[in-house]
Each structure stands twice: as C-alpha cells, then as structure tokens.
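A closer look at the structure
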Amino acid sequence: MKNKSSTLNRRNFLRFTAGMSIALGLDSLIPAYAKQVVTANEPRNKGKYSDLIDLQIQQTKLPIASKNASTLTVNGSIPGPLVRLREGQTATIQVTNNLDEDTSLHWHGLIVPREMDGVPGISYAGIKPGETFTYRFPVKQSGTYWYHSHSGLQEQLGHYGPIIIDPIEPEPFEYDRDYVVLLSDWTFEDPYEVLANLKKFSPYYNYQRPTIGQLAKNLAWNRMRMDPTDIADVTGATYTYLMNGMASDANWTGLFKPGEKVRLRFINGSAMTFFDIRIPGLKMTVVQADGQNIMPVDVDEFRIATAETYDVIVELQENTAYTVFAETMDRSGYARGTLAPRQGMSAAIPKQRTRPIRTMADMGMAGDMSGMDMSGNNSSHDMSGMNMGSNNSSHNMSGMDMGGNNSSHNMSGMDMGGNNSSHNMSGMDTSGSNSSSHNMPGMDMGGNSSNSMSNNRGVMHSADTHGAGNSGVAMMSKSRLDEPGIGLQNTKNHRVLLYNDLISLKPNQKQRKPEREMELHLTGNMERYMWSFDGKKFSQIEEPMVFFDGERLRLTFVNDTMMEHPIHLHGMWMELVNGSGLNQPRKHTLNVKPAERVSVDVNVDAPGYWAFHCHLLYHMKVGMFRTVAVVDRSTSTT
C-alpha cells in the first residue's frame, strides 16, 4: 500500500467530514435517526485542529426507531459528536454536566495521565451537577477510539461518542474517504430495571431457551445450571440495535464514488452486545485493531466485542449499493446501514443466521482432547453423570495427560453417549501422579507441571474453584486464539478474522521477557447474576492488584465461565501473546472466550491507580471490576 500524508489539507478535511452537513449548533434540533456523526471540534480555521472542545452532557428527548426516548446525550445527539484530534497536540476538552446527577467521561483506549482518565473514585471525583471539568492531556497516539461515561449505567442511555486521532506520520495505507460506524444497543427500559430483571432471573431476555423436553436431555447443562442457548445476557428482546444512532429502518448511509477506497472505522459502543460484521459482495481489509496499525488482513467477516475498534478499507468499484450488516452474536437482531453512490439507495438485507448453541468447548471440554494437560495440584473435578452427548460426535482423548498431585477426578458414570459417537480414549495413562484419585481408567495422568505448558494444550482447573461467586467452572482452559468464536466456526469459503491474524505492523522495540506472571480467573455465578474476578466482586475486595512500575508483567486470563468477556485495562497497553513475537498486537480491550486461557504482556509504566474490568456494562456494575495500583517496587509491601 502507498503511504499517504495525513496533513489536514482541504481534501482531507472534506474526507473526514464527508456527510457532515449538519451544523453543530443545530444538533439538538435534529432527530437521532436523521443524522450522521458530526464533529465537536470543527475548527473555525479549517487548516488547524481546534484548541478547545466543548461537550455538554444533558438529558435529551429523541426519537429512536420512531418512538420517543429519554436519553443522556453529549451535545444533544446519539452518538455524541466526533472528537477529532491530532497526534502531538495537547487536547483541551471542557465537559459540562447539565444533569441532576454526577457524571464522567472516559477516553477509551487513550493513554492519558491518571487524573485525566475519567473514572470516578479512582482517577478523579467525577463531575458534579452544574460543574465543568476541563480535561487537558498530550495526545501521544493515533487511530480510532471512543469516549463514554464511567458513571452508573449512563452509557446505556446514549452517553458515548467517537474519537479519531490523526497521525503525525503518513499512514501506511491509502483511502479516499472515511466514515465512523459506531454500533450500539438501545433499550426503552430503564437500565436499572434491566439489571433488576437479570438479577431476578438471569435468562430473562433469552427468548431462545430450549424447551423443557430439550432441557431434560441435557443433564450436564442442568447440573452446571447453564443453558446452551445462553449467548448474550441482554438480547433483541429489549434492544434496538443502532448504527451511528440510527435503527435499521432509518438506514444510515455512507456515500462513495465508484472506484474509491473507503475507510470504515468500526466502534462497538454497545453496553452488552457483540456484533459480527460483513458487507456482502465486498472484501474488507482490516488495517487497524484498537487504533493500532496491523499487517493488513483480507476478510469476509469479523467479530467486534464490546469496546473494541476495527478499521477496515473497502474498494467500491461498482455503481451499486452495499449493505453494512452487523448481526448480533446471538442472532437476536442486527444493525444495518448502506454504502451507496447516491442517497436513498439500498441493497438486500442478509437473512439472519441460525442461533448458535454452546458446546463442550465452552464448558472446557474440547472435542479433541489429545495432548490435554490436566496437571495442576489438588484439583477436583466431578464429571460424574456428565453428558458429552450430541449426535455423531467424535472425541479423541488418546494421549490425554491428566497429571498433577493430589487431584481427584471422578468421571464415574460419565455419559459420553449420544448416537453414533466415537470417543477414542485408548492409551490413557493415569500413572505418575502423586496421591491422585482419578476414576478414569486408561487415561494418562502423568506429569506434575502445569505453568510451563503451552496454552495450546488444555490445562485443567485447579481445586480452587473460587467459592460461591463461581459456579459451573470450566474444567479445562486452553488457547482459542485460532477460533473465530461461537456461530462463526463453519464458514466455508468465507474468511473470518482471528485474533491470531492480528500482527502489529511495527515491532515493539520495548519488548522483553516478562519478569512476572499473574493469573486471573474470570468468574461468575450465572444463576445469581454475579460476575467477578477470582470469585470476588469488587465490593468484596479491599486491596488493589499491584503492578510494579517499570516491570514487564504477563497477565494470564482464565475464563472459568461460559460467557465471553471483553477485558479492558486503563492507562496501559496489553500486548496479546499470539505467537507474533516482536509484533504482538497492542489491545486496550481483549475478548476472552469461554474456557479460554490467554496471556497479554504489559509494560508497566503508568504510576497510580487505574481501572480494570469487563466491559459488558452489567457485568462491570455487579462486580467484575478491579483497581490496579502501579507502585514503586522498592516501597511496596506486597
């Protein structure tokens, strides 16, 4: 690809304001369904970036999907206005709270001074009603990001917007115009009612639950108090899915001229929704992930977890319309827009696909268990009565290693039946472990080590299942970086982006061997709608997680639950350990799949206190949240 200058000349200005014909002062007069994203900082002198950006947080009545909605907006629109900055400048942003409650504004993915991060109770006190808080920070990066409230459940009500930071250096790819495509989920219910419903009955919004007859056949799921159709906590049963604030019928449209390359800056600003994005008839070249340049990857589809961003480039040769289709992971709905050479055009809307169903892999029981490491001391896994059924399944357990000391794995009565199943467990050896008690005849239980084993091999969960805050614990975790995710596994002749595809365009010159490793379990009790780390809610934690200033730390996440969790670290990058060596991609938000074991490396260089949490809003609200303290090692008592 050709290098292209990012200087804000007239052409570039027109490019990034394409479709922005709405004057900022008229924002509040324009209904959400009729507008495109507008800039908050359109400079009076179009040759410069604005020195001061003004954002007003307010309650606003807006029509959404032809219904009246009470929203919390930034400058009167959903999403809020585009904040456009330039790498190297000092951003000065005044945020005024016109609400009758506290609010805040966090710059998601931006590396800023601690006191500018915008998390009440950690980095500052928040913004009181009637007050104006001035954020001022150096802009040290470029790419696509977003901002949102970090107070209560305000984000669910529309308190979010996009950020674009133009680079100092020429970008390593070429395009003619760009559009922000900000995806979100809207409910006409009070968000606190949504949370109350989930607390009373966690599958409240799952309208795709199996019948009583089907449940009776799935004994293993029943014993784990899980449901194989539990893909999303909050679904299309209450959500209207939005693309740039517009429901599907309103059909957000990005215009192009045939022959142009268009950059689409996808942002998942939803509270609780994962989207699978495709544009039928077009290949997408992924060029950035979480605002960071990567080696270009041509795909037909990609999954974007809550809070992630992906930039793609499409080449539009034909004088025709294309549907931008963002289908929810649970297939309960979609957001839709159009790329077209003229306003008013549209293309066919793809048929929604069949709902996916959780599998044994999500329970920590991969189909192919050859090479599986079940080491780890003192583990206890009751697999009695476990149903690994399903018709025509094939589970190769040859060579399975279940070593470890003092472990107890009762697999008596394990039902691996199902019609026409084929489970090869020949050659399993239970010898070699100390004081083990494994009623698994023929299985190889040898070996003692677990920490050194590759994530690509399954690792059995230890005996510490983290208490009542963690139920239905996945018995084994493994790397799932080469899996596209549930519902996208069998897409023949249709390439879906993998985390293993993400390779940083430039090597990380500061990379070195991690000095320390910290393992953290993502935990939950779905029946009680409790979400936590290591089985403890944020309210039960007295001490922060301690990172040492200057160290390179490896964080290993083990997802004990059957749900995906987009994990977000404030203030520092996470480098995904995906085998790309010096070119490990930097992430601000990492999607951890069910029963997955995945590591990131962090160059710890930001002293102070930082937030760390699952970015599913209701998971964070009920306790999947921690504070990270970056301290001087010499003064730490840890």
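What counts, and where the lines are drawn
- Residues numbered from 1 in each chain as written.
- Predicted model: local features only at pLDDT ≥ 70, side-chain atom pairs only at ≥ 80, totals over all residues.
- Heavy atoms only, no water.
- Helix = DSSP H or I, 4+ residues; strand = E, 2+ residues; numbered from the N terminus.
- Buried < 20%, exposed > 50% of the residue type's maximum accessible area, 1.4 Å probe, protein only.
- Contact = heavy atoms within 4.5 Å.
- Areas by Shrake-Rupley, 256 points an atom, 1.4 Å probe, with all protein chains shown as cover.
- Pairing = 2+ DSSP bridges.
- pLDDT = per-residue confidence, 0-100.

**Remarks on the overall build of the chain**
The helix and strand inventory of the chain stands at five helices and 37 strands. Counting the 638 residues in the chain, one finds 60% classified as buried. Relative to all contacts within the chain whose residues are 6 or more apart in sequence, the contacts with residues 24 or more apart total 77%. When the accessible surface of the chain is totalled, it reaches about 24200 Å², and 47% of it is carbon and sulfur.

**Remarks on the pairing of strand β30 (residues 552–559)**
Burial analysis of β30 places seven of its eight residues in the buried class, which makes it a mostly covered element. Here strand β27 (residues 516–525) runs beside β30; their pairing, made up of seven bridges, is parallel. By the bridge assignment, H521 is partnered in β30 with V558. As judged from the seven bridges shared by β30 and strand β35 (residues 597–603), these two strands associate in the antiparallel manner. Bridge assignment links L553 to a residue of β35, and that residue is V602.

**Examining the confidence of the model for the chain**
Here the chain shows a mean pLDDT of 82. Residues at 70 or above account for 75%. Counting interchain partners and residues more than four positions distant, the pLDDT-below-50 stretch residues 1–37 has 97 contacts. Long-range and interchain partners of residues 367–453, a stretch whose pLDDT sits below 50, account for 225 contacts in this model, where long-range means more than four residues apart.

**Some remarks on unusual backbone geometry**
In this structure, P79 follows I78 across a cis peptide bond, with omega equal to -10°. In this fold, P79 is placed in the loop between β2 (67–74) and β3 (83–86). Within the chain, A65 stands out as a residue other than glycine whose phi angle is a positive 50°. With respect to the helices, strands and loops of the structure, A65 is situated in the loop between β1 (53–64) and β2. Judged by relative accessible area, which is 34%, A65 ranks as partly exposed. Positive phi outside glycine occurs at D290, with the angle close to 55°. Position of D290 among the secondary structure elements: in the loop between β14 (284–289) and β15 (292–299). What makes D290 buried here is its relative accessible area of 0%.

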